[in-house]
Amino acid sequence: MKFLLKIILSAIAVLVLAEILPGVGVDNYVSALIVAVVLVILNAFVKPVLVFLTLPATVITLGLFLLVINAAIILLADYFIAGFNVNGWLWALIFSVLLSIFQSILHSVLKKD
């Protein structure tokens with residue numbers, strides 16, 4: 001049950017960020033929900049492979065290269081989902097950082113219950 005609630009909260013965060021950021025767009029609520037599900041799938045399967053392959057760059061940059069990996073995951077979601085648009089690497093980077101912050105705040109509320 002908490003997994004579904006986390007996906008719904010992530011979809012809400014995607015909607016809010018799409019309204020705030022001019023370089024990110026979501027067509028409707030269903031697209032936001034699909035974005036949340038696709039991001040969960042990409043973070044579960046693709047991100048560990050990318051982290052492993054770029055481990056030297058991550059170590060050299062003291063972990064800052066993980067921000068680039070997160071932006072790449074957002075751009076992959078943009079490629080796969082028709083109702084989700086991100087205008088370039090900078091907006092993907094900003095979106096991924098703000099989405100991580102929103103998700104950590106929303107998920108911390110769930111842990112208190």
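Everything that follows concerns the structure shown earlier in this document.
Residues numbered from 1 in each chain as written. Predicted model: local features only at pLDDT ≥ 70, side-chain atom pairs only at ≥ 80, totals over all residues. Heavy atoms only, no water.

> Please explain the overall build of the protein as it appears in this structure.
Within the protein, the regular secondary structure consists of five helices and two strands. Counted from the first residue to the last, the protein has its helices and strands arranged as α-β-α-α-α-β-α. Relative to its length of 113 residues, the protein is compact, with a C-alpha radius of gyration of 14 Å against a globular reference of 13 Å. Over its C-alpha atoms, taken along the principal directions, the protein stretches across nearly 40 × 35 × 25 Å. Looking at the protein as a whole, 34% of its 113 residues qualify as buried. Sequence separation of 24 or more characterises 61% of the internal contacts of the protein that already satisfy a separation of 6 or more. When the accessible surface of the protein is summed, it comes to about 6,900 Å², and 76% of that surface belongs to carbon and sulfur atoms. When the 5 positive and 4 negative side-chain charges of the protein are each reduced to one mean point, those points stand 19 Å apart. (Helix = DSSP H or I, 4+ residues; strand = E, 2+ residues; numbered from the N terminus. Rg over C-alpha atoms; globule rule 2.2 N^0.38 Å. Buried < 20%, exposed > 50% of the residue type's maximum accessible area, 1.4 Å probe, protein only. Contact = heavy atoms within 4.5 Å. Areas by Shrake-Rupley, 256 points an atom, 1.4 Å probe, with all protein chains shown as cover. Lys, Arg positive; Asp, Glu negative; His and termini not counted. Charge placed at Lys NZ, Arg CZ, Asp CG, Glu CD.)

> Is there a simple way to think about helix H2 (residues 29-53) in this case?
Each α-helix turn comprises 3.6 residues. Residues three or four places apart therefore point the same way. Its 25 residues place the ends of H2 34 Å apart at the C-alpha level, agreeing with the 36 Å of an ideal helix rising 1.5 Å per residue. At Val 46, H2 shows its maximal kink, close to 40 degrees; a proline, Pro 48, follows between one and four residues later. Along H2, the residues that are buried comprise Ser 31, Ala 32, Val 35, Ala 36, Val 38, Leu 39 and Leu 42. The N-cap of H2, judged by a side-chain oxygen 3.4 Å from the amide nitrogen of Val 30 a few residues on, is Asn 28. (Expected span 1.5 Å × (residues − 1). Bend = angle between axes of the 7 residues up to and from the residue. Polar contact = N/O pair within 3.5 Å; in protein donor to acceptor, adjacent residues only side chain to side chain.)

> I'm lost on unusual backbone geometry in this one. Help?
Apart from glycine, the bulk of residues carry a negative phi angle, and the bulk of peptide bonds sit in the trans form. In this model, Leu 62 sits at a positive phi of 60 degrees, which is unusual for a non-glycine residue. Its place among the elements puts Leu 62 in the loop between helix H3 (55-60) and helix H4 (65-80).

> Explain the nonpolar core here, please?
The nonpolar side chains of a soluble globular protein tend to be buried, and buried together. In terms of nonpolar packing, the biggest core is built from 26 residues, with Phe 84 and Phe 95 touching the most fellow members. Those elements that place two or more of their residues in this core are helix H1 (2-20), strand E1 (24-26), H2, H4, strand E2 (84-86) and helix H5 (89-112). Phe 95 has contacts with Val 14, Leu 17, Leu 21, Val 24, Ile 74 and Phe 84, leaving out every residue within four places of it along the chain. (Core = buried A, V, L, I, M, F, W, Y, C linked by side-chain atoms within 4.5 Å.)

> Would you mind showing me how to read the packing of aromatic side chains here?
Any pair of aromatic rings gets described here by the distance separating the centres and the angle formed by the planes. For the coordinates displayed, the defined rule picks out two aromatic pairs. A ring pair is formed by Tyr 79 and Phe 80, whose centres lie 5.4 Å apart and whose planes are at 70 degrees; its orientation type is edge-to-face. In this pair, the class of Tyr 79 matches that of Phe 80, namely exposed. Ring centres 5.7 Å apart and planes at 55 degrees place the aromatic pair Phe 84 and Phe 95 in the tilted group. Here Phe 95 lies in helix H5 and Phe 84 lies in strand E2, a separation of 11 residues in the sequence. Considered together, Phe 84 and Phe 95 belong to a single accessibility category, that of buried residues. (Phe/Tyr/Trp six-rings, centres within 6.5 Å; stacked < 30°, edge-to-face > 60°.)

> What am I meant to see in the side chain of Thr 58 here?
When you line up the elements, Thr 58 lands in helix H3. Thr 58 gets classed as buried once you look at its relative accessible area, which sits at 10%. Sequence-distant contacts of Thr 58, defined by excluding residues within four places in its chain, comprise Gly 63, Phe 65 and Leu 66.

> For this particular structure, what's the right way to read the packing of H2 against H4?
Each pair of packed helices gets described by two things: the angle between the helix axes and the distance between those axes. As a packed pair, H2 and H4 sit with axes 10 Å apart at the nearest point and diverge in direction by 135 degrees. By the angle class used here, H2 and H4 are oblique. Crossing angle aside, the handedness with which H2 passes H4 is right-handed. Of the residues in H4, those in contact with Val 38, Leu 39, Leu 42, Asn 43, Val 46, Lys 47, Leu 50 and Val 51 of H2 are Leu 66, Ile 69, Asn 70, Ile 73, Ile 74, Leu 76 and Ala 77. Broken down by class, the residue content of the contact of H2 with H4 amounts to 12 nonpolar, two polar and one charged. (Axes fitted to C-alpha atoms, helices over the stretch in contact; angles between N-to-C directions. Parallel < 35°, antiparallel > 145°, perpendicular 65-115°, else oblique. Left-handed = near helix turned anticlockwise from the far one by under 90°. Nonpolar A, V, L, I, M, F, W, Y, C, P; charged D, E, K, R; others polar.)

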